[in-house]
Amino acid sequence: MTTLIAIGAGIAVLTGIGAGIGIGIATSKAVESIARQPEAESKISKTLLLGAALAEATAIYGFVIALLIILFLG
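Residues numbered from 1 in each chain as written. Predicted model: local features only at pLDDT ≥ 70, side-chain atom pairs only at ≥ 80, totals over all residues. Heavy atoms only, no water.

As named in an unreviewed UniProt entry, the protein chain is ATP synthase subunit c, taken from Anaerotignum lactatifermentans. Taken directly from UniProt, the Sequence similarities (unreviewed entry) text for the protein chain runs: "Belongs to the ATPase C chain family." If you open the UniProt record of the protein chain and go to Subcellular location (unreviewed entry), you find "Cell membrane". (UniProt positions renumbered as here; feature names shortened; annotations may be inferred.)

Below, the structure is given as C-alpha coordinates:
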(Lines give C-alpha, C1' and ligand atoms only; values in the text may rest on other atoms or scores of the structure.)
Protein backbone atom coordinates (compact mmCIF):
# COMPACT_ATOMS: atom_id res chain seq x y z
CA MET A 1 0.00 0.00 0.00
CA THR A 2 2.85 2.41 0.76
CA THR A 3 4.13 1.95 -2.80
CA LEU A 4 0.83 3.17 -4.22
CA ILE A 5 0.87 6.15 -1.87
CA ALA A 6 4.37 7.08 -3.02
CA ILE A 7 3.35 6.74 -6.68
CA GLY A 8 0.27 8.91 -6.11
CA ALA A 9 2.31 11.58 -4.36
CA GLY A 10 4.87 11.52 -7.17
CA ILE A 11 2.18 11.96 -9.79
CA ALA A 12 0.69 14.87 -7.83
CA VAL A 13 4.07 16.61 -7.73
CA LEU A 14 4.39 16.30 -11.53
CA THR A 15 2.13 19.35 -11.83
CA GLY A 16 5.33 21.34 -11.37
CA ILE A 17 6.45 20.26 -14.85
CA GLY A 18 3.40 21.85 -16.46
CA ALA A 19 3.84 25.01 -14.45
CA GLY A 20 7.51 25.24 -15.42
CA ILE A 21 6.76 24.78 -19.11
CA GLY A 22 3.93 27.31 -18.97
CA ILE A 23 6.01 29.94 -17.21
CA GLY A 24 8.89 29.38 -19.62
CA ILE A 25 6.68 29.82 -22.68
CA ALA A 26 5.00 32.89 -21.21
CA THR A 27 8.35 34.47 -20.37
CA SER A 28 9.73 33.86 -23.84
CA LYS A 29 6.66 35.41 -25.44
CA ALA A 30 6.82 38.39 -23.07
CA VAL A 31 10.48 39.01 -23.89
CA GLU A 32 9.66 38.74 -27.58
CA SER A 33 6.80 41.22 -27.18
CA ILE A 34 8.96 43.68 -25.27
CA ALA A 35 11.61 43.44 -27.98
CA ARG A 36 8.99 44.33 -30.59
CA GLN A 37 7.30 47.08 -28.55
CA PRO A 38 9.56 48.48 -25.83
CA GLU A 39 7.02 51.17 -24.93
CA ALA A 40 4.55 48.51 -23.73
CA GLU A 41 7.03 46.95 -21.30
CA SER A 42 5.19 47.86 -18.09
CA LYS A 43 1.86 46.52 -19.31
CA ILE A 44 3.44 43.30 -20.60
CA SER A 45 5.39 42.80 -17.37
CA LYS A 46 2.27 43.16 -15.23
CA THR A 47 0.41 40.58 -17.29
CA LEU A 48 3.42 38.25 -17.25
CA LEU A 49 3.68 38.39 -13.46
CA LEU A 50 -0.01 37.66 -13.04
CA GLY A 51 0.17 34.72 -15.44
CA ALA A 52 3.31 33.35 -13.80
CA ALA A 53 1.69 33.56 -10.37
CA LEU A 54 -1.36 31.66 -11.59
CA ALA A 55 0.77 28.99 -13.25
CA GLU A 56 2.91 28.62 -10.15
CA ALA A 57 -0.22 28.22 -8.03
CA THR A 58 -1.00 24.97 -9.86
CA ALA A 59 2.41 23.61 -8.91
CA ILE A 60 1.87 24.60 -5.29
CA TYR A 61 -1.54 22.90 -5.28
CA GLY A 62 0.06 19.71 -6.59
CA PHE A 63 2.71 19.86 -3.89
CA VAL A 64 0.09 20.36 -1.18
CA ILE A 65 -1.94 17.43 -2.49
CA ALA A 66 1.19 15.27 -2.48
CA LEU A 67 1.87 16.22 1.14
CA LEU A 68 -1.72 15.46 2.11
CA ILE A 69 -1.52 12.05 0.41
CA ILE A 70 1.67 11.20 2.27
CA LEU A 71 0.55 12.51 5.67
CA PHE A 72 -3.01 11.22 5.76
CA LEU A 73 -2.73 7.99 3.80
CA GLY A 74 0.81 7.01 4.78
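Q: Explain the packing of helix H2 (residues 15–36) against helix H3 (residues 41–73) to me, please; I cannot follow it from the model alone.
A: For any two helices packed against each other, one specifies the inter-axial angle together with the distance between the axes. One can describe the packing of H2 onto H3 by two numbers: an axis separation of 8 Å at closest approach and a directional angle of 175°. Here H2 is positioned roughly antiparallel relative to H3, judged by the angle of their axes. On H3, the residues touching Thr15, Gly16, Ala19, Ile23, Ala26, Thr27, Ala30, Ser33 and Ile34 of H2 are Glu41, Ile44, Ser45, Leu48, Ala52, Ala55, Glu56, Thr58, Ala59 and Gly62. Its residues assigned to classes, the contact of H2 with H3 shows 10 nonpolar, 7 polar and 2 charged. (Axes fitted to C-alpha atoms, helices over the stretch in contact; angles between N-to-C directions. Helix = DSSP H or I, 4+ residues; strand = E, 2+ residues; numbered from the N terminus. Parallel < 35°, antiparallel > 145°, perpendicular 65-115°, else oblique. Contact = heavy atoms within 4.5 Å. Nonpolar A, V, L, I, M, F, W, Y, C, P; charged D, E, K, R; others polar.)

Q: Please clarify how the nonpolar core should be interpreted in this entry.
A: In globular proteins that are soluble, nonpolar side chains generally tend to be buried together. Counting 5 residues, the largest nonpolar core consists of Ile5, Ala9, Ala12, Ala66 and Ile69. Only helix H1 (2–13) and H3 provide two or more residues apiece to this core. Among the elements that take part in this core, H1 stands out by supplying 3 residues, more than any other. Every residue in contact with isoleucine 69, bar those within four places of it in the chain, is listed here: Ile5, Gly8, Ala9, Ala12 and Gly74. (Core = buried A, V, L, I, M, F, W, Y, C linked by side-chain atoms within 4.5 Å. Buried < 20%, exposed > 50% of the residue type's maximum accessible area, 1.4 Å probe, protein only.)

Q: Looking at this model, I keep getting lost on the pattern of salt bridges. Mind explaining?
A: Between side chains of opposite charge, pairing is possible as soon as their charged atoms come close. Under the definition given, this model contains 1 salt bridge. The residue glutamate 32 makes a salt bridge to arginine 36 at a minimum N-O spacing of 3.5 Å. Residue glutamate 32 and its partner arginine 36 are both found in helix H2; the two are separated by 4 residues, about one turn of the helix. Taking the relative accessible area as the measure of exposure, glutamate 32 reaches 38% and is therefore partly exposed. Take arginine 36: its relative accessible area is 66%, and that puts it in the exposed class. (Salt bridge = Lys/Arg side-chain N within 4 Å of Asp/Glu carboxyl O.)

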